[in-house]
Amino acid sequence: MTPRTRRTGRTGRPPRLSQEAILTAAERILDEDGPEKLSMRRLAQELSSTAMALYHHVRDKDELLLLLLERHAEQFPRPELPTEPRERLIAASQVLHDILAECPWIVEVLASDDLMAVSALWIVENMIDAAIECGLSPEEAVYAYRVIWYYTAGELTIRVNRERHHAGLERPPHRDKAFAALTPEDFPRLASLAGQWDEITARDTHRQGLMAIVDGLLARAGTPRERA
């Protein structure tokens, strides 16, 4: 009878534990629960491994997020943008929206104003360059980019949170009840719109809002802005 080989415990990382496997598992957690729920310990449990084993592949959570940001940015096709500056500003801003809409968790990560994907900076470069060509100063162009970014991030955050929250509700939204109770005497406009509010606010009006913001920003080219 051939003697069994004595097991002395795990002597190395499991073959399945690779940077690619770690990134895939991390992205799954981000998609389902968001950045706040992602930790090296949670990720290790997901991979049936240990947090210490993960550190052989990624230094920490920040590096993990940076790798994921870069991977997503590199996978997104880089379209040919219009040459006319206003149209290029709108098109580049739309690309920014579309990249973020595919992975809503990216908005939460970028909102810290710390981490960023260098591979996606071509979008920001085109937005600022187009704004300058439209007559804005470099400082005004950065301001325009930030306004568009805040609008885009806010619109996506509200939309995603709304869909996530409503999907888990076992009752009608409280807002519907509150709107139904509004009296025309106190809230004439809101009461008249109460029955349409949900349908109107659920529409995807991002592009219309984007064009209005761009035109408003460009209309102020050369006009001194008030400083707080």
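Residues numbered from 1 in each chain as written. Predicted model: local features only at pLDDT ≥ 70, side-chain atom pairs only at ≥ 80, totals over all residues. Heavy atoms only, no water.

(A) Broad picture of the packing of helix H5 (residues 85-102) against helix H8 (residues 138-167). Between H5 and H8, the shortest axis-to-axis distance is 10 Å and the interhelical angle comes to 35°. Helix-helix and strand crossings are classified by hand; for H5 and H8 the assignment is right-handed. Across from Leu-89, Ser-93, Leu-96, His-97, Leu-100 and Ala-101 in H5, the residues of H8 making contact are Ile-148, Trp-149, Thr-152, Glu-155 and Leu-156. Grouping the constituent residues of the contact of H5 with H8 by class yields seven nonpolar, three polar and one charged. (Axes fitted to C-alpha atoms, helices over the stretch in contact; angles between N-to-C directions. Helix = DSSP H or I, 4+ residues; strand = E, 2+ residues; numbered from the N terminus. Left-handed = near helix turned anticlockwise from the far one by under 90°. Contact = heavy atoms within 4.5 Å. Nonpolar A, V, L, I, M, F, W, Y, C, P; charged D, E, K, R; others polar.)

(B) Structural context of the nonpolar core. Counting residues in each nonpolar core, the largest one holds 56 residues, and the members touching the most others are Leu-43 and Leu-64. For this core, the element with the most residues is H5, which contributes eight residues. With residues up to four places along the chain from it excluded, the contact list for Leu-64 reads Ile-22, Leu-23, Ala-26, Leu-38, Met-40, Leu-43 and Val-58. (Core = buried A, V, L, I, M, F, W, Y, C linked by side-chain atoms within 4.5 Å. Buried < 20%, exposed > 50% of the residue type's maximum accessible area, 1.4 Å probe, protein only.)

(C) Spotlight on the UniProt feature "DNA-binding region" (unreviewed entry) in the protein chain. In this numbering, the UniProt entry assigns the feature "DNA-binding region" (unreviewed entry) to residues 39-58. Annotation note: span residues 39-58, helix share 55%, strand share 0%, distance between end C-alpha atoms 12 Å. (UniProt positions renumbered as here; feature names shortened; annotations may be inferred.)

(D) Examining the side chain of Arg-71 more closely. Relative to the assigned elements, Arg-71 resides in helix H4 (residues 61-75). Owing to a relative accessible area of 15%, Arg-71 belongs among the buried residues under this scheme. Beyond its immediate chain neighbours, meaning those up to four positions away, Arg-71 contacts Glu-20, Leu-23, Thr-24 and Glu-27.

(E) Region of interest: helix H7 (residues 121-133). With 13 residues, H7 extends 18 Å from end C-alpha to end C-alpha; this agrees with the ideal 18 Å at 1.5 Å per step. The inward-facing, buried residues of H7 contact H5 and H8. Backbone geometry just downstream of H7 places Gly-135 in the positive-phi region, at approximately 110°. (Expected span 1.5 Å × (residues − 1).)

(F) Main features of the pattern of salt bridges. Counted by the stated rule, this structure contains 16 salt bridges. When salt bridges that share partners are traced, they join Arg-162, Arg-175, Asp-176 and Asp-198 into one network. (Salt bridge = Lys/Arg side-chain N within 4 Å of Asp/Glu carboxyl O.)

(G) Representation of the side chain of Asn-126. Looking at the element boundaries, Asn-126 is found in helix H7. Taking the relative accessible area as the measure of exposure, Asn-126 reaches 16% and is therefore buried. Side chain to side chain, Asn-126 and Arg-88 meet in a polar contact 3.4 Å long. When sequence neighbours within four positions are dropped, the list of residues in contact with Asn-126 reads Leu-81, Arg-88 and Ala-92. (Polar contact = N/O pair within 3.5 Å; in protein donor to acceptor, adjacent residues only side chain to side chain.)

(H) How the structure looks around unusual backbone geometry. Even without glycine at this site, Ser-48 takes up a positive phi of about 55°. Mapped onto the elements, Ser-48 comes out in the loop between helix H2 (40-46) and helix H3 (51-54). Take Ser-48: its relative accessible area is 52%, and that puts it in the exposed class. Residue Asp-113 is not a glycine yet carries a positive backbone phi of 60°. For Asp-113, the location among the structural elements is in the loop between helix H6 (105-110) and H7.

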